[in-house]
Every structure is written in C-alpha cells, then in structure tokens.
Amino acid sequence: MRVRKLLVIAAICGSASGCQTFLETSSPFDGEEVMEVRGVVKVFTGGHGGGGLGLIKADDGRCYDLALPKEVVRNRRRWNQRAVVLSGELQFRPVLSMPEMMWFEIGDRRVDGFGCSEDIIYVRSIRRVKG
C-alpha cells in the first residue's frame, strides 16, 4: 500500500513537470536593462536556419518579436496562444545586407529574419498566466 502511494505521488510529480508553466534561463546580456511584457505569445517553428520566432502581442497593443529559449520552441504547444508574462533584454533586429539572409543570431539563439517589429526581446523568463 505504501509503495502504491509513492508511485502515485511520483506519477503526479512527473506529469506536473511535463506541464511546465514557468521557465527561466540565463542570458548573455547580463547587466543590460530587463523589461517585462504581458500579453499573448505566438510561437512559430521550422523557420529558416533552424531557429524559431515568437512574438508577443502585448496588452497595451504593441508587438515584440522574441528570441525564445529552445525549451519553449521545442514545447510550442504548451506555450503557443497562451497569456504570459515574460521578461528579457531588448535587442534590435540587425539590418540584413543580403535578401537571402533570412535568419540571424541573438546571443545563443537563432531568430528568423522577419517579424512584427524591429525590437526583439531576448526572453530570460516566461510564465503562463490566466488570460
């Protein structure tokens, strides 16, 4: 009986970690100003260069492109179209000198070259909230 309870508890804990609603990562931009945005996130995968592009439509109507952690891109279904609060450093989209350059790197993340804004947030933390 005791073993069965432990197995049930382990199964619940394991499934809860699979339903992650908060993620925090390190940043190569330590020391830069961190901003926080609340809104609905969209995650696009399979883009050029093997990267991912996300965007957030902020509650105030603004749109920011996102350099997302690999875990968010990999688990797109968990995050896509969800209300979130995220924080990170604001970076600027580089001017692409050649049209065939459809992706670029920001820190350790690949980002598709096109999006909703010239502003890109290098996402340091993201958590789901009730919309």
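Engineer: Tell me about the overall build of the chain, residues and numbers included.
Structural biologist: Helices and strands together make up the secondary structure of the chain, namely 3 helices and 8 strands. Its helices and strands in sequence order give the chain the pattern α-β-β-β-β-α-α-β-β-β-β, from N to C terminus. Per-residue burial over the chain gives 37% buried out of 131 residues. Long-range pairs, those at least 24 residues apart, make up 72% of the contacts in the chain with a sequence separation of at least 6. In the structure as shown, the chain presents an accessible area of about 8100 Å², 54% of it carried by carbon and sulfur atoms.

Engineer: Outline the state of the cysteines, supporting the account with residue identities and numerical values.
Structural biologist: A covalent bond between the sulfur atoms of two cysteines is referred to as a disulfide. This model, assessed by the stated rule, comprises 1 disulfide. Across the disulfide from Cys 63 sits Cys 116; the S-S distance is 2.0 Å. With the S-S bond torsion at -95°, the cross-link from Cys 63 to Cys 116 turns out left-handed. You can see Cys 63 sitting in strand β4 (residues 63-67) and its partner Cys 116 sitting in the loop between β7 (109-112) and β8 (119-128), a full 53 residues away along the chain.

Engineer: Which residues make up the pattern of salt bridges, and what are the values?
Structural biologist: Evaluated as defined, the whole model comprises 4 salt bridges. In this structure, Arg 62 engages Asp 60 in a salt bridge whose closest nitrogen and oxygen atoms are separated by 2.9 Å. Here Glu 89 makes a salt bridge to Arg 124, at a shortest N to O gap of 2.6 Å. With a gap of 35 residues between them, Glu 89 in strand β5 (residues 82-92) and Arg 124 in strand β8 connect regions that are remote in the sequence. By relative accessible area, which is 0% here, Glu 89 ends up buried.

Engineer: How would you sum up the environment of Gly 115? Please name residues and give values.
Structural biologist: Relative to the helices and strands, Gly 115 is located in the loop between β7 and β8. Those residues in contact with Gly 115, other than ones at most four positions away along the chain, are Leu 53, Asp 65 and Arg 93.

Engineer: Before we move on, can you summarise the pairing of strand β2 (residues 34-44) with the specific residues and values?
Structural biologist: Of the pairings in the sheet, the one linking β2 to β5 comprises 8 bridges and is antiparallel in character. Paired with Val 37 across the strands is Leu 86, a residue of β5.

Engineer: Provide a residue-level description of the packing of aromatic side chains, including the pertinent values.
Structural biologist: Tallied over the entire structure, the rule returns 0 aromatic pairs. Sitting over the ring of Tyr 122, Arg 109 keeps its end group 3.9 Å from the ring centre.

Engineer: How would you summarise the pairing of strand β3 (residues 53-58) if you had to cite specific residues and measurements?
Structural biologist: On a regular strand, each side chain points to the face opposite its neighbour's, so the side chains alternate between the two faces of the sheet. Within β3, 5 of the 6 residues are buried, which leaves the element mostly enclosed by the surrounding structure. Where β2 lies against β3, 6 bridges are found, and the strand directions are antiparallel. Each residue of the ladder has a partner; that of Val 43, found in β3, is Gly 54. In this structure, β3 lies alongside β4, joined through 4 bridges in antiparallel fashion. Paired with Lys 57 across the strands is Cys 63, a residue of β4. The loop that links β3 with its antiparallel partner β4 comprises 4 residues; one of these, Gly 61, has a positive phi angle of about 95°.

Parameters and conventions
- Residues numbered from 1 in each chain as written.
- Predicted model: local features only at pLDDT ≥ 70, side-chain atom pairs only at ≥ 80, totals over all residues.
- Heavy atoms only, no water.
- Helix = DSSP H or I, 4+ residues; strand = E, 2+ residues; numbered from the N terminus.
- Buried < 20%, exposed > 50% of the residue type's maximum accessible area, 1.4 Å probe, protein only.
- Contact = heavy atoms within 4.5 Å.
- Areas by Shrake-Rupley, 256 points an atom, 1.4 Å probe, with all protein chains shown as cover.
- Disulfide = S-S within 2.5 Å.
- Salt bridge = Lys/Arg side-chain N within 4 Å of Asp/Glu carboxyl O.
- Pairing = 2+ DSSP bridges.
- Phe/Tyr/Trp six-rings, centres within 6.5 Å; stacked < 30°, edge-to-face > 60°.
- Lys NZ or Arg CZ within 6 Å of the ring centre and 35° of its normal.

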